Structure formats: C-alpha cells, structure tokens
Amino acid sequence: MGEEERSAVAGVDVDDSGWSHTRAWVEGSLRPGERIRAVQTLRGGWTSQMRRLDVERIEGSQGIPGEEEPYSLVLRSFVRPFFVKHAKGLLTREAEILQLLAGTAVPAARLHGVDASAENCDHPSLLMSLLPGSVRLDAPDIERRAELLARQLAVIHGLRVPEGDRPRTYQAWTSPERVRLPESSRRMDVWQRAVEVIRRPPPAHRSCFLHRDFHPGNVLFTGEGAGLTVTGVVDWVETSWGPADLDVAHCSTALALLHGVPVGMQLADRYLAVGGTLSDAPADHLYWRVLDALAFAPDAEKVAEPWRELGRTDLTPAVLTQRLEDYLEALFSRYG
C-alpha cells in the first residue's frame, strides 16, 4: 500500500484486540525513543490484514540527527487459517525477495522485520516501509498506466539473479480438473476449448524472475497524464522463477476484467514493444494466457472482492464472467 491510499483507510484508532503482541513486537523493532502514534487499517487486500503504522519520536527523547521526522510502516499479517498454515513459506519468501530487490531498479518496500512463524506476534507478520503512491483501478489514464505496467514488468523480468538466490519454480494456479466453469453460458464451447488447451504439458520456455501476482492492484502510481509514474510494486509472496509469458498473462487477464478485453489483449504487444520477450510459438503463448485466465473462473471473485472495496462496485460476478468469456474468445481468435 502507498502513502496516498487515504480513501482506502479506515479505523485510525484500531484497538489492540487480536494484535497486542504484534504491536509490542513492532515497537520493539523501532529505534530508541520512537513509538506508534496511529494505526490505520488498509483495504484492498484479500490474503492478508494490512495496517499502516505511523511512527513518531517521543517528545523529549534523544534521537539520531536527521532521523527525527515521523514516518510510516506497513504491517502485513496473515489471519485466515489457510494463509496462516502457509505463512512461514510465504512471508519468508517475501522477506528474502525484498532484501534481494534492495538497490535494484524495482520500486519495492524496504524490509523492516518479519515473524513468519508468529513466535512473537499474534499472527504471522511482516513489517516493511510505506511506499509513495496509490492503487489506480479506475478508467482515466488507463492507456498510459498499461504502458507503464508493461515497462515495469520488463524491468522485473530483466533482473539478473544468481542461481543460488533464485525463488522457487512457478506453480500453476489451476488444472483441467480444478477449473470451475460458469453454471450457465451460451458459449460453453469456449470454456471447454480453454480447458482442452491446458491439458497439454507446459511448453518449453526460458525462465526468468517473476513477480507472479503482477496486476494493477499490486502497483502504485503517482501523478496524472504525462506525469504518471510507477512508485511501487507490492505483494511479493508468490515470487517465482518461470516464463515471462505467465506474468504477462496474469496482468493481461486482470486488465481485461477491470477495463475490458481490448486493454487486456494489448498488454503483450506493449510488453514486446519495450523489449520484453515472449514465446515465439502462438500455441505456447496461448497456453500460458489460458492457464492464467482459467484460474479466475468463473467470476474472478478472489480479486473482485478487494477491487470492489477500492471503488469498483461495477465489477459484479455477471460482468466479470462475461468479460472472462469474451477474453478467452479473443485469445482464440488471435493465437488459436
């Protein structure tokens, strides 16, 4: 989350219920003479409970010259049972990735601390710096934002990572047996064809560093028009090693759901135009695009919930199912 995410903030005076140990852990990690002044619950996340922590220096305490200004941190805590179960791997991975990205051209948060096993916290938690900017899910500037998303993906994929520091190999988020198809559709043949596409083995590919959950809800922007700039990329718990096509596919699906099929279809072209590399064979590229799209079936509810919290109340299950179906058909028209 970014510092401009004011409209997505609630509960400045969050009570200590359920996080008193976590708060003590955070305060124990602060510099001498500092304390948490205010806590704000951040909306827009699905897997985690996110809090913004505003830190100030206690009046009269002796500080380090140049570090007396108030600042803010972001606390991610896993509270849902499924994510608590997998928290050690997820948060440890994110902590390692944030350290890996420090000093690179990728605008990621700075790691402040992690308690992946909840040894000191009420829930598994990770503490990081607050990035500038905000999530933009509305229509204005979408062409410029899509271009910047493509450029940022190319930068991420271009990172040179020593073999020993590479993240885990990517994992597919669906399979032919796990796909949930819409209960009623006039074009069930489109869905059935899509499932058949992913029955083949994964195509041969050149692997690179992947964010793995790169979409507009995980990118922060500042400015407008020509001054629009990416200021942060967040949520690195799924970072993987795999084909660039998969990251492009994931962002493309999200753009199609948020802004319509044409915007989603154009991202791969934008990515190639800024120097990115995708599968040469149309059938291989189609595989990765369909594999990702079917993970959203039938109504993209996992992402729709936080998107609606951030103001996109127009994204009803019916709208999203229709867009996903139209998107699959467009993929077949171009690559199939």
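> Would you mind showing me how to read helix 7 (residues 261-273) here?
Note that an α-helix has 3.6 residues per turn; residues three or four places apart therefore point the same way. Here helix 7 is 13 residues long and its end C-alpha atoms lie 19 Å apart, about the 18 Å a rise of 1.5 Å per residue gives. Of all the bends found along helix 7, the most pronounced is centred on Leu 267 and spans about 30 degrees. All buried positions along helix 7 are accounted for by Val 261, Val 263, Gly 264, Met 265, Leu 267, Ala 268, Arg 270 and Tyr 271. Gly 275, located one to two residues past helix 7, shows a positive phi value of around 105 degrees.

> Before we go on, may I ask you to explain the environment of His 215 in this structure?
Tracing the backbone through its elements, the reader meets His 215 in the loop between strand 7 (207-210) and strand 8 (219-222). Note on His 215: relative accessible area 8%, which makes it buried. Spatially, the C-alpha atoms of His 215 and Ser 252 are 8.0 Å apart, while their sequence positions differ by 37 residues. A distance of 2.9 Å separates a polar atom in the side chain of His 215 from the backbone nitrogen of Gly 217.

> Is there a simple way to explain helix 5 (residues 188-197) in this structure?
Every buried residue belonging to helix 5 is among Val 190, Trp 191, Ala 194, Val 195 and Val 197, and all of these are buried. In an axial view of helix 5, the angular spread of the buried residues amounts to 155 degrees, which keeps them on one side of the axis. Buried residues in helix 5 make contact with helix 8 (282-295) and helix 10 (317-335).

> It is not clear to me how unusual backbone geometry should be interpreted in this structure. Could you clarify?
Most of the time, phi is negative for any residue but glycine, and the peptide bond is trans. Put simply, Ala 297 and Pro 298 share a cis peptide bond, and its omega is 0 degrees. Along the chain, the position of Pro 298 falls in the loop between helix 8 and helix 9 (301-309). Backbone geometry places Asp 141, a non-glycine residue, at a positive phi of 65 degrees. Structurally, Asp 141 is set in the loop between strand 6 (125-129) and helix 4 (142-157). Residue Asp 235 is not a glycine yet carries a positive backbone phi of 65 degrees. Note that Asp 235 resides in the loop between strand 9 (229-233) and strand 10 (240-243). By relative accessible area, which is 14% here, Asp 235 ends up buried.

What counts as what
Residues numbered from 1 in each chain as written. Predicted model: local features only at pLDDT ≥ 70, side-chain atom pairs only at ≥ 80, totals over all residues. Heavy atoms only, no water. Helix = DSSP H or I, 4+ residues; strand = E, 2+ residues; numbered from the N terminus. Expected span 1.5 Å × (residues − 1). Bend = angle between axes of the 7 residues up to and from the residue. Buried < 20%, exposed > 50% of the residue type's maximum accessible area, 1.4 Å probe, protein only. Polar contact = N/O pair within 3.5 Å; in protein donor to acceptor, adjacent residues only side chain to side chain. Arc of directions from axis to C-beta. Contact = heavy atoms within 4.5 Å.

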